[in-house]
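# Descriptive analysis of the structure
Okay, here's what each chain looks like letter by letter:
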Amino acid sequence: MYKIAAVGDRDSVLGFASIGLDVFPCDEPKEGYRLLKELCREDYAVVFITESLAAGIGQKQMEKFYSQPLPALTLIPGAHGSTGEGMRAVEGFVEQAVGSNIL
């Protein structure tokens, strides 16, 4: 059975544990990158990651994870607000799938 995880700073991801997600508090980009590699090897279908942690990991490194079929990475705003990167990523995925930006 596939699992769902949330990765990011403690304040942003701790609430996800109450709905049954596996929570991995992480503030350091190097640790976040290592953790994402580990989650890719396990049975995770979806990984929510905070925008700030993804930005720290870097676009080039994140592209490696986006190109894999599983897990599906979804950027979420952190406890301190949104950078807008998550919505831009969703728009890009929709445009790639549909052929135009319908959002």
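Summarised in this report is the structure supplied together with it. (Residues numbered from 1 in each chain as written. Predicted model: local features only at pLDDT ≥ 70, side-chain atom pairs only at ≥ 80, totals over all residues. Heavy atoms only, no water.)

## So, the overall build of the chain
Helix and strand counts for the chain stand at 5 helices and 4 strands. Going from N to C terminus, the chain has its helices and strands arranged as β-α-β-α-β-α-α-β-α. By residue count, 31% of the 103 residues in the chain fall in the buried class. Of note, the chain has its 9 positive side-chain charges centred 8 Å away from the centre of its 14 negative side-chain charges. (Helix = DSSP H or I, 4+ residues; strand = E, 2+ residues; numbered from the N terminus. Buried < 20%, exposed > 50% of the residue type's maximum accessible area, 1.4 Å probe, protein only. Lys, Arg positive; Asp, Glu negative; His and termini not counted. Charge placed at Lys NZ, Arg CZ, Asp CG, Glu CD.)

## Overview of the packing of aromatic side chains
All told, the structure shown has 3 aromatic pairs when counted by the stated rule. Taking the centre distance of 5.8 Å and the plane angle of 15 degrees together, the rings of F16 and F48 count as stacked. Residue F16 is found in the loop between helix 1 (10-13) and strand 2 (22-25), and its partner F48 is found in strand 3 (residues 44-50); the two are separated by 32 residues along the sequence. Taken together, a centroid distance of 5.6 Å and an interplanar angle of 65 degrees make the contact between Y33 and F65 edge-to-face. Of this pair, Y33 sits in helix 2 (residues 29-41) while F65 sits in helix 4 (residues 59-66); the two residues are 32 residues apart in sequence, bridging distant segments of the chain. Using a relative accessible area of 22% as the deciding quantity, one classes Y33 as partly exposed. Taking relative accessible area as the criterion, F65 reaches 4% and is therefore assigned buried. (Phe/Tyr/Trp six-rings, centres within 6.5 Å; stacked < 30°, edge-to-face > 60°.)

## A closer look at the sheet that holds strand 1 (residues 3-8)
Strand order in the open sheet made by the 4 strands is 2-1-3-4, with parallel pairing throughout. The two strands at the open ends of the sheet, each matched to only one other strand, are strand 2 and strand 4 (72-76). Strand-to-strand, the axes of this sheet are offset by a mean angle of 20 degrees, without reference to chain direction. Note: strand 3 against strand 4, 5 bridges, orientation parallel. When the bridges of strand 4 are listed, I49 appears paired with L75. Contacts between helix 2 and the sheet are confined to strand 1, strand 2, strand 3 and strand 4, with strand 3 contributing the most and set at about 165 degrees to the helix. (Pairing = 2+ DSSP bridges. Axes fitted to C-alpha atoms, helices over the stretch in contact; angles between N-to-C directions. Contact = heavy atoms within 4.5 Å.)

## So, the nonpolar core
When a protein is soluble and globular, its nonpolar side chains tend to lie buried together. Within the largest apolar cluster, 17 residues are counted, with the highest numbers of intra-cluster contacts made by V7, L36, L39, V47, I49 and M62. Elements represented by at least two residues in this core include exactly strand 1, helix 2, strand 3, helix 3 (51-57), helix 4 and strand 4. In contact with L36, not counting residues within four places along its chain, are V47, I49, I57, M62, F65 and L73. (Core = buried A, V, L, I, M, F, W, Y, C linked by side-chain atoms within 4.5 Å.)

## Description of the side chain of T50
Mapping T50 onto the fold places it in strand 3. For T50, a relative accessible area of 0% puts it in the buried group. Beyond its immediate sequence surroundings of up to four residues, T50 is in contact with V7, G8, D9, S12, V13, L75, I76 and G78.

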